[in-house]
Amino acid sequence: MSPESILPSGTGTPLLDRVNSPADLKRLSREQLPALSQELRDEIVRVCSVGGLHLASSLGATDLIVALHYVLNSPRDRILFDVGHQAYAHKIITGRRDQMATIKKEGGLSGFTKVSENPHDAITVGHASTSLANALGMAMARDALGQDYKVAAVIGDGSLTGGMALAALNTIGDMNRRMLIVLNDNEMSISENVGAMNKFMRGLQVQKWFQEGEGAGKKAMEAVSKPLASFMSRAKSSTRHFFDPASVNPFAAMGVRYVGPVDGHNVQELVWLMERLVDLDGPTILHVVTTKGKGLSYAEADPIYWHGPGKFDPDTGEFSASKAYSWSAAFGDAMTELAAQDPRTFVITPAMREGSGLVGYSKAHPHRYLDVGIAEEVAVTAAAGMALQGLRPVVAIYSTFLQRAYDQVLHDVAIENLNVTFAIDRAGIVGADGATHNGVFDLSFLRSIPGVRVGLPRDAAELRGMLKYAQTHEGPFAIRYPRGNTEAVPEGHWPDLEWGTWERVQDGQGVVILAGGKGLEYAQKAAAGLDGVGVVNARFVKPLDETMLREVARSARAIITVEDNTVVGGFGSAVLEFLNAEGIKTPVRVLGIPDEFQEHATVESVHARSGIDAQAIRTVLAELGVDVPLGV
């Protein structure tokens, strides 16, 4: 059954049925916009009920997206979304409604905004805190080229915890370029609403004549007396601060005009405000307060679960909870036990408590747990500080996000050989989230850092053994494991592993497959029942098991390496480098992720097209002269 037949559209959405572009949206009256927003939310719930999509955040941002497209003229005007997972209403409004059933499916729409997908998508995104720097660049390009389009960036309060967003905001205030920043606050309010006077000041702030009058008055006063102008400016500022506490906030200190907070679900008020704010000189922040999961009671009650839920009944919210044991859960359970054994153990995460399996740990050891928000660099350097003072910190981080902290791993941890362990979740291809989230570069960039040791566990038991080893030995360790499930192991089970040792899992001297992690699973399937084919669990990439590699290379007529990592600089490269240094000429076929970005699809599909699954390995074995039965 096709996705389109699963998700019939058009029923009960008379307004939305008339909107296939932002131009169509503008033909609606303002009085019709609240009803349109509700129809959009109904459509988003229907689309997301198949599972695996971003529900709560998209529901919360619907009204502000309707307002932005009603006021601005996309794609001429640039609308940027931080992360992009909240932009489903944007996708529907910009002509992609009939493709929404394909989101995150192979050949379908991205789960985020993507420049190559649609001209209304201003940036390709998936990581947080990038929208403001992009918006600044676009505004400066506009001014440099003498153009007059508008720039608006939507950023959540969570993304604003990222250092890149704060640094960009500081520069935006300094450059003073015309742009609108919509702060989508769905968790906390930065400035309190103080009633009628606050509303009066909000209205006054957005009037262009008020802004121009302030500037003209200052120039006139300076012509008479600069000291007097300075005094009057300070008096005006003091008066505004007295009547308008919202003007005393970090944004104003950075030189960014601040308006808010306002109701992020009053679409008509948002339109009124945005119409006035987009034409003001300089940067303006419109602080809107929204509710994640808006309009869906069960999503509002538990926005964390409903951020990206599995398949559910849109009428009741009923869903079937997975009983599988994930790699993330295996990590969290192991750390909870390790922390009970060693008071020096401390876990740090950059805003990924649930995703990294740390809910249980955070409750069991709340005083040895730190969530730094979306600030990967801070997570790594805070771990360095802890290690310098005698703790044994573990940084729980997705592979794709560790990319953002490469310098901190090198500069703050590795140079002094500090006792920091990196638990790298979602290593390898992650599937539906696509190119922005695939963790296929960590083996390569970690191999380049002196002193960092890298392991690839085959299962939860090896994961526990590697964590135990790292926590009881000196120096930095990195342990990478994939998205997905593994077999649970009993509490207290800690395999005794010696770092840097491999394991033969199938004897054979003709062609030997070296693989670790997910690649080992494929290697074993490919080699099953084939005479003369050996398989080695190459569970450590740095250091290599040089003794076993030397033995294998001298006895085998060919070697195949398999890795869920880019072929550039990864495990296969490490093997080739070693054999070259040893003067060993055994042929090596390197299988891994090609040197190109992999678009979203199932993990299995990407592995197949990348040539690392069991069938691809069998094809290579046949090319190397192994008798591989047809049709197997």
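In this text the structure is predicted, and so the values were computed from the model without any measurement.

About the thresholds
- Residues numbered from 1 in each chain as written.
- Predicted model: local features only at pLDDT ≥ 70, side-chain atom pairs only at ≥ 80, totals over all residues.
- Heavy atoms only, no water.
- Phe/Tyr/Trp six-rings, centres within 6.5 Å; stacked < 30°, edge-to-face > 60°.
- Helix = DSSP H or I, 4+ residues; strand = E, 2+ residues; numbered from the N terminus.
- Buried < 20%, exposed > 50% of the residue type's maximum accessible area, 1.4 Å probe, protein only.
- Expected span 1.5 Å × (residues − 1).
- Contact = heavy atoms within 4.5 Å.
- Pairing = 2+ DSSP bridges.
- Axes fitted to C-alpha atoms, helices over the stretch in contact; angles between N-to-C directions.
- Polar contact = N/O pair within 3.5 Å; in protein donor to acceptor, adjacent residues only side chain to side chain.
- pLDDT = per-residue confidence, 0-100.
- 1 Å grid on protein atoms, 1.4 Å probe; cavity = no way out; pocket = protein on both sides within 12 Å on 5 of 7 lines; lining within 4 Å.
- Points joined across faces, edges and corners; volume = space filled by probe spheres on them.
- Nonpolar A, V, L, I, M, F, W, Y, C, P; charged D, E, K, R; others polar.
- Parallel < 35°, antiparallel > 145°, perpendicular 65-115°, else oblique.
- Left-handed = near helix turned anticlockwise from the far one by under 90°.
- Core = buried A, V, L, I, M, F, W, Y, C linked by side-chain atoms within 4.5 Å.
- Right-handed = clockwise from strand over helix to strand, strands pointing away.
- Salt bridge = Lys/Arg side-chain N within 4 Å of Asp/Glu carboxyl O.

**Student:** So what about the packing of aromatic side chains? Which residues, and what values?
**Tutor:** The final tally for this structure, using the stated rule, is 18 aromatic pairs. Here the aromatic rings of Tyr305 and Phe319 are separated by 4.6 Å at their centres, their planes lie at 20 degrees, and the arrangement is stacked. Here Tyr305, found in the loop between α13 (297-301) and α14 (327-341), pairs with Phe319, found in the loop between α13 and α14; they are 14 residues apart in sequence, far enough to count as distant. Ring plane angle 85 degrees and centroid distance 4.9 Å describe the contact between Trp306 and Phe312, whose orientation is recorded as edge-to-face. Look at Trp306 and you get buried, because its relative accessible area is 4%.

**Student:** Requested: an account of helix α16 (residues 376-388), with residues and values cited.
**Tutor:** Over its 13 residues, α16 runs 19 Å from end to end, which matches the ideal 18 Å to within 8%, given 1.5 Å per residue. Contact partners of the buried residues in α16: β6 (345-349), β7 (369-371), β8 (392-398), α17 (399-402), α18 (406-414) and β9 (421-425).

**Student:** I'd like to hear about the sheet that holds strand β4 (residues 257-263), residue by residue, with values.
**Tutor:** If you trace the 5 strands from one edge of the open sheet to the other, you get β1-β2-β3-β5-β4, paired in parallel fashion. The open sheet has two edge strands with one neighbour each: β1 (78-81) and β4. The mean angle between the axes of side-by-side strands here comes to 20 degrees, regardless of whether they run parallel or antiparallel. Relative to strand β3 (residues 179-185), helix α4 (residues 56-71) is tilted by about 165 degrees, and along the sheet it contacts β1, β2 (151-156), β3 and β5 (283-289). Where helix α6 (residues 131-144) meets the sheet, its contacts fall on β1, β2 and β3, and the angle it forms with β2 comes to roughly 175 degrees.

**Student:** Pulling in residues and values, what's your account of the side chain of Lys114?
**Tutor:** Looking at the element boundaries, Lys114 is found in the loop between α5 (88-96) and α6. For Lys114, the side chain forms a polar contact with the side chain of Glu599, separated by 3.4 Å. If we skip the residues at most four places from it in the chain, Lys114 touches Asp121, Ile123, Thr124 and Glu599.

**Student:** Which residues make up the confidence of the model for the chain, and what values do they have?
**Tutor:** Detailed reading of predicted coordinates is not advised where the pLDDT is low. Residues at a pLDDT of 70 or more form 88% of the chain, whose mean pLDDT is 88. Predicted confidence for residues 1-10 stays below pLDDT 50, and this span has 17 contacts to residues more than four positions away or in other chains. In the predicted structure, residues 188-198 sits below a pLDDT of 50 and forms 21 contacts with residues beyond four places in sequence or in another chain.

**Student:** Quick rundown of empty space enclosed by the protein? Include the residues and the values.
**Tutor:** Applying the stated criterion across every chain, the model contains 1 cavity of 30 Å³ or more. The volume enclosed by the largest cavity comes to roughly 80 Å³. Taken together, Ala427, Gly428, Leu456, Pro457, Arg480, Tyr481, Pro482, Gly516, Gly517, Lys518, Gly519 and Asp564 make up the full set of residues lining the largest cavity. For the lining of the largest cavity, the class distribution of residues is 5 nonpolar, 4 polar and 3 charged.

**Student:** A description of the environment of Leu28 should follow, citing residues and the corresponding values.
**Tutor:** The residue Leu28 is located in the loop between α2 (22-26) and α3 (33-48) in this model. Taking the C-alpha atoms as reference, Leu28 lies 9.1 Å from Arg18; in sequence the two are 10 residues apart. Once you skip the residues sitting within four places of it in the chain, Leu28 turns out to touch Leu15, Arg18, Val19, Leu36 and Tyr70.

**Student:** Break down the packing of helix α21 (residues 518-527) against helix α25 (residues 614-623) for me, citing the residues and quoting the values.
**Tutor:** Taken N-terminus to C-terminus, the directions of α21 and α25 make an angle of 55 degrees; their axes are 8 Å apart at the nearest point. As far as their axial angle goes, α25 and α21 are oblique. The two elements α21 and α25 cross, and the hand of that crossing is right-handed. Counted together, Tyr522, Ala523, Lys525 and Ala526 of α21 and Ala614, Ile617, Arg618 and Leu621 of α25 form the full contact between these two elements.

**Student:** Run through the nonpolar core, naming residues and quoting values.
**Tutor:** Counting 78 residues, the largest nonpolar core has Phe331, Phe422, Leu446, Trp502, Leu514, Phe571 and Leu579 as its most contacted members. The element best represented in this core is α14, accounting for 7 residues. Look past the residues within four positions of Leu446 in its chain and what remains in contact with it is Leu402, Val409, Ile424, Val452, Val454, Ala478 and Lys542. One finds Val19, Leu55, Val71 and Leu280 within the second-largest nonpolar core, a separate group that totals 56 residues.

**Student:** Residues and numbers for the pairing of strand β11 (residues 477-480), please.
**Tutor:** Neither face of β11 is exposed, since Phe477 and Ile479 on one face and Ala478 and Arg480 on the opposite face are all buried. Judged from the 4 bridges that link them, β9 and β11 form a sheet pairing that is parallel. Note that in β11 the partner of Thr421 across the bridge is Phe477. Pairing between strand β10 (residues 453-455) and β11: 3 bridges, direction parallel. Bridge pairing links Gly455 to Ile479 in β11. Chirality of the crossover, the property in question, places the unit of β10, helix α20 (residues 460-471) and β11 among those that are right-handed.

**Student:** With reference to specific residues and values, describe unusual backbone geometry.
**Tutor:** A cis geometry characterises the amide bond from Ser74 onward to Pro75, with omega recorded as 10 degrees. With respect to the element layout, Pro75 can be found in the loop between α4 and β1. Of the consecutive residues Gly260 and Pro261, the connecting peptide bond is found in the cis state with omega at 0 degrees. Note on placement: Pro261 falls in strand β4. In this structure, Lys104 is a non-glycine residue whose phi angle is positive, near 70 degrees. Mapped onto the elements of the fold, Lys104 is located in the loop between α5 and α6. One non-glycine residue, Ala351, lies in the positive phi region at around 65 degrees. Inspection of the secondary structure assignment puts Ala351 in the loop between β6 and α15 (359-364). Of the residues examined, Ala351 reaches a relative accessible area of 33% and is grouped as partly exposed.

**Student:** Residues and numbers for the pattern of salt bridges, please.
**Tutor:** Opposite charge on two side chains makes pairing possible when the charged atoms of those side chains draw close. Using the criterion set out here, one finds 35 salt bridges in the structure. We note a salt bridge from Arg76 to Asp77, for which the minimum N-O separation is 3.8 Å. It is possible to trace a salt-bridge network through shared partners that takes in Asp17, Glu43, Arg46 and Arg97.

**Student:** Provide a residue-level description of helix α12 (residues 267-277), including the pertinent values.
**Tutor:** An α-helical segment advances 3.6 residues per turn. Residues three or four places apart therefore align on the same side. What α12 keeps buried is the set Val267, Leu270, Val271, Leu273, Met274 and Leu277. Looking at the packing, one finds that the buried side of α12 touches α3, α4, β3, β4 and β5.

**Student:** Break down the sheet that holds strand β13 (residues 511-515) for me, citing the residues and quoting the values.
**Tutor:** Strand order in this open sheet of 5 strands is β12-β14-β13-β16-β17, and the pairing throughout is mixed. Unpaired on one side and paired on the other, β12 (503-506) and β17 (588-593) mark the two borders of the sheet. The average angle at which neighbouring strand axes cross in this sheet is 25 degrees, direction not considered. In the sheet, strand β16 (residues 558-566) pairs with β17 via 5 bridges, with the strands oriented parallel. Following the sheet pairing, Ile560 is matched in β17 by Arg589.

**Student:** Tell me about the pairing of β16, and name the residues and values.
**Tutor:** By the criterion of burial, β16 is predominantly enclosed, with 9 of the 9 residues buried. Strand direction decides the pairing type here: β13 and β16, joined by 5 bridges, are parallel. For Ala515, the partnering residue across the bridge sits in β16 and is Val562. In the classification by handedness, the crossover that spans β16, the intervening helix α23 (residues 571-582) and the parallel β17 is right-handed.

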